[in-house]
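Here is what each chain is made of, one letter per residue.
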Amino acid sequence: MSQETVIARPRYIEKIRPYIGKKLIKAIIGQRRTGKSYFLLQVAQLLREEYPDWLVLHIDLERIEWRHLRTADDLIEEVKIRTKTSSAPKVALLLDEIQEIEGFEIAVRGFAADDTFDVYISGSNAEMLSGEIATLFAGRAVNIEIHTLSYDEFLIFHGLDDSDASLDTYLRYGGLPFLARLAPEDHVMREYLQGILDSVVLKDIVQRHKIRNPGLLERMLEFIADNVGSPTSARNIARYLKNLHIDASAQSVLDYLGFLCRSFAIVRCPIKDVSGKKILEGISKYYFEDLGLREVIRGNTTNDINKIVENAVFTRLAIDGWSVSTGRVGDREIDFCCERGSERCFVQAAYLVPDPAAHQREFGVLYSLEGGWPRYVISMDPVVRDWQGIHHLRLRDFLRDGL
C-alpha cells in the first residue's frame, strides 16, 4: 500500500496516542473491512516521525514477504534476527493479521513482557481479537476500536461535498472505506457489502463456533434489521423463529446474539431506568455497526427511515466515544442516554418532527428530565428550532460535526 492511498483518521490516532510507549498491548479491533490495517500503517508512520530513535518493525502477515512465518516460534525468531544488531532504545512491533500465526498469544505475551518492545496487534478475525483479548492478555492490553466511517470521514474518502445527496448515499451504503474505490453503482456496492456480510457471518461466527445452521443466524439478522431501535429480547426472537418453523431456545438466541455482537456486526444498547439508573435485564436494543450491512439484509425503504436515522445517530455517538444506553422514564423512552468521562447528555432521534404531537413526543420527554445536562433532538427537518433549552439539530449537521 502506498502512502498516497492512506487517508488519515485522526480521531483514532488521538485515542491510541496516550498508550504509545506504555507496557500495554495495543489491540486494534473492529468489524471486518473498517480499515484496521490502514490504521496500523498510520501508527507506524506516526512512530517513525515522532520517535526517530526507535526501531519500527511492521509485519503484515498477509504479505508475501512474511508468509514463511506460521508459528509463534517462527515469529519470535524473525523478530530476534531483525532486532539483533539494533541499538534503538525501543522496538515498536506492529503485527497485522496476527491470526495467521498459530499460537500467536505466546509470542505476543513474550514481547509485551520485554521492556524493549512496544506492541501493537490487529487481525481480520474480529471476534478472535475482541472476544479473547481479555482472556489471553488479562490486564496487559487495551482495545482501540476502529469504527466504520463517520459521515465527515465518508465525505473525505469519497471526495464529496456535504449535501442531501451525499447524506442519502451514506445512509444507504454506510461507511466501509473500500466503497470509495468502487464504481458508484447500486449493484456493485450491494455485491461488495453482501460479501462482507458473508465473511462476518460465515468466517467470524459459523466456522469459529462450528454452527450447524447458518440460516438461523441469517434469520436473526433479518429480525434485528426489521427491529432496529426497538426493545428486543431473546424470547421475542425465539418466537419469531418459531413462526418460521425454526426451533431455537431463548438461550441459543442469547448465545448467537453474543456471537454477532463480538463480531461487531451488531451493537447492543442496554436499556435502563433513568430514575434508578438500573439496567433492565433481558431486554436491549440492537443497532448495526454499519448501515450498509443493514441495507443488504433489509433494503432501504421509506418505511424504514426512522430506523435508519436512529441507527445513524447511535453509530455517530459510539464513534465519538460516548457510552450509550436507552432510558426509560415511566412509560416513555429516551432514545440515548450518553456518558463520556464526566460528560453526560440525552438525545432523541427522529426522522421528522412535523406536528405538535411529534414535538411533544420527542421534546416532552427530554423536558421532563431533572438536572442541567445537555439535551438534543436530532431530525431531518429542513428547519430546526431549539425549545425550552433543548437543542434541535439537523441530522446532516450532527453526522458531520457531532454534538
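As the structure is a computational prediction, the values presented were derived from the model and not from experiment.

As for the sheet that holds strand S6 (residues 266-273)
- Strand order in the open sheet formed by 7 strands is S7-S6-S8-S9-S10-S11-S12, and the pairing between neighbours is mixed. Of all strands in the sheet, those with a lone pairing partner are strand S7 (278-288) and strand S12 (391-394), marking the two edges. Within the sheet, the average angular offset between the axes of one strand and its neighbour, ignoring direction, is 35°.
- Two elements, strand S11 (residues 375-379) and S12, share 4 bridges in a ladder whose sense is parallel. Bridge pairing in S12 places serine 379 opposite arginine 394.
- Helix-sheet contacts for helix H14 (residues 356-367) involve strand S9 (332-340), strand S10 (343-349), S11 and S12, and the interaxial angle to S9 is about 55°.

Notes on the environment of isoleucine 390
- Take isoleucine 390: it is sitting in the loop between S11 and S12.
- If we skip the residues at most four places from it in the chain, isoleucine 390 touches Phe363, Leu366, Tyr367, Arg375, Tyr376 and Val377.

Some thoughts on the pairing of S9
- As paired strands, strand S8 (residues 323-329) and S9 are joined by 6 bridges and run antiparallel to one another. Across the sheet, the residue bridging to arginine 328 is glutamate 333, located in S9.
- With antiparallel pairing between neighbouring strands as the criterion, S8 and S9 make up a hairpin whose turn holds 2 residues, including glycine 330 at a positive phi of roughly 65°.
- One ladder, built from 5 bridges, connects S9 with S10; its direction is antiparallel. Opposite glutamate 339, over in S10, you have arginine 344 as the bridge partner.
- Between S9 and the antiparallel strand that follows it, S10, lie 2 residues; glycine 341 among them carries a positive phi value of about 60°.

Some remarks on the packing of aromatic side chains
- This model, assessed by the stated rule, comprises 14 aromatic pairs.
- Put simply, the rings of Tyr151, Phe154 and Tyr170 touch in pairs and so form one group of aromatic residues.
- The ring of tyrosine 120 has lysine 26 sitting right over it, with the charged end atom 4.8 Å from the ring centre.
- Stacked on the ring of phenylalanine 178, the Lys or Arg arginine 33 has its end atom at 5.8 Å from the ring centre.

Notes on the state of the cysteines
- For the structure shown, the criterion picks out 0 disulfides.
- Cysteine cysteine 269 remains unbridged, with the sulfur of cysteine 337 as its closest cysteine sulfur at 8.4 Å.
- For cysteine 269, a relative accessible area of 0% puts it in the buried group.
- Cysteine cysteine 337 remains unbridged, with the sulfur of cysteine 338 as its closest cysteine sulfur at 7.1 Å.

Cut-offs applied
Residues numbered from 1 in each chain as written. Predicted model: local features only at pLDDT ≥ 70, side-chain atom pairs only at ≥ 80, totals over all residues. Heavy atoms only, no water. Pairing = 2+ DSSP bridges. Helix = DSSP H or I, 4+ residues; strand = E, 2+ residues; numbered from the N terminus. Axes fitted to C-alpha atoms, helices over the stretch in contact; angles between N-to-C directions. Contact = heavy atoms within 4.5 Å. Phe/Tyr/Trp six-rings, centres within 6.5 Å; stacked < 30°, edge-to-face > 60°. Lys NZ or Arg CZ within 6 Å of the ring centre and 35° of its normal. Disulfide = S-S within 2.5 Å. Buried < 20%, exposed > 50% of the residue type's maximum accessible area, 1.4 Å probe, protein only.

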